[in-house]
Amino acid sequence: LAEALERHTSTLRKLDLGGNVVGDAGAARLSVSLRKGGALRLLMLPSNRVGDAGAASLAEVIGAHPQLEELQLADNKVNEAGAVRLAEAVARHPGLRVFVLDRNPIGDAGTAAIANTLAPPPPPP
């Protein structure tokens, strides 16, 4: 699959691999294929046992796809460290409109990182 993606990243708009037990290793391999950039607008990886290492790999994909509008990572194994990495990537990607991370054990630090990323900047004095 990763090899096929490498050949079609310029035209691929939606990738839905929900419920395929991709895991961290699969997310890392997928990320290598998708890092080349392209037209991806929707990346759906719910219920795939993706943890912090996979989240870190996917955070790199966010930057390679400026037109990415939606990232779904619900029901995975992303903890605080992975949530922080994803929040950092999302902060640098103003075009991302939907970011789904429910049913992940992101903890207080992960929640704070995401909340800070999504909070509007304070008004000027």
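The structure reproduced in this document is the subject of the present report.

Analysis parameters
Residues numbered from 1 in each chain as written. Predicted model: local features only at pLDDT ≥ 70, side-chain atom pairs only at ≥ 80, totals over all residues. Heavy atoms only, no water. Axes fitted to C-alpha atoms, helices over the stretch in contact; angles between N-to-C directions. Helix = DSSP H or I, 4+ residues; strand = E, 2+ residues; numbered from the N terminus. Parallel < 35°, antiparallel > 145°, perpendicular 65-115°, else oblique. Contact = heavy atoms within 4.5 Å. Nonpolar A, V, L, I, M, F, W, Y, C, P; charged D, E, K, R; others polar. Salt bridge = Lys/Arg side-chain N within 4 Å of Asp/Glu carboxyl O. Buried < 20%, exposed > 50% of the residue type's maximum accessible area, 1.4 Å probe, protein only. Core = buried A, V, L, I, M, F, W, Y, C linked by side-chain atoms within 4.5 Å. Polar contact = N/O pair within 3.5 Å; in protein donor to acceptor, adjacent residues only side chain to side chain.

**Focus: the packing of helix 4 (residues 80-91) against helix 5 (residues 107-118)**
Moving on, step 1. Viewed as axis vectors pointing N to C, helix 4 and helix 5 meet at an angle of 10 degrees, and their least axial separation amounts to 8 Å. Considered as vectors, helix 4 and helix 5 are oriented roughly parallel to each other. Across the interface between the two elements, E80, A83, V84, A87, V90 and A91 from helix 4 touch G107, D108, A109, G110, A113, I114 and T117 from helix 5.
Moving on, step 2. Across the contact of helix 4 with helix 5, the residue classes tally to 8 nonpolar, 3 polar and 2 charged.

**A look at the pattern of salt bridges**
Moving on, step 1. Summed over all chains, the structure comprises 3 salt bridges.
Moving on, step 2. Note that E69 and R97 form a salt bridge whose closest N and O atoms lie 3.7 Å from each other. Of this pair, E69 sits in the loop between helix 3 (52-64) and strand 3 (70-72) while R97 sits in the loop between helix 4 and strand 4 (98-100), and the two are 28 residues apart along the sequence.
Moving on, step 3. Here R97 falls in the exposed class, since its relative accessible area comes to 65%.
Moving on, step 4. Salt-bridge contacts for R103 lead to D102; the nearest nitrogen and oxygen are separated by 2.6 Å.
Moving on, step 5. Assessed through its relative accessible area of 55%, R103 is described here as exposed.
Moving on, step 6. Residue D102 is classed as partly exposed on the basis of its relative accessible area of 35%.
Moving on, step 7. Members of the salt-bridge network, linked through shared partners, are R41, E69 and R97.

**Things to note about the nonpolar core**
Moving on, step 1. Core analysis: the biggest nonpolar cluster contains 31 residues, and L15, L34, L43, L86 and L101 have the highest contact counts within it.
Moving on, step 2. Those elements that place two or more of their residues in this core are helix 2 (23-34), helix 3, helix 4 and helix 5.
Moving on, step 3. The contacts of L43, once residues within four sequence positions are left out, are L15, L34, L58, V61, L68, E70, L71 and Q72.

**Regarding the side chain of H93**
Moving on, step 1. Here H93 is to be found in the loop between helix 4 and strand 4.
Moving on, step 2. The class of H93 is buried, set by a relative accessible area of 5%.
Moving on, step 3. In terms of polar contacts, H93 uses its side chain to reach the backbone carbonyl oxygen of P66, at 3.5 Å.
Moving on, step 4. If we ignore the near neighbours within four places in the chain, the residues touching H93 are I62, H65, P66, Q67 and L68.

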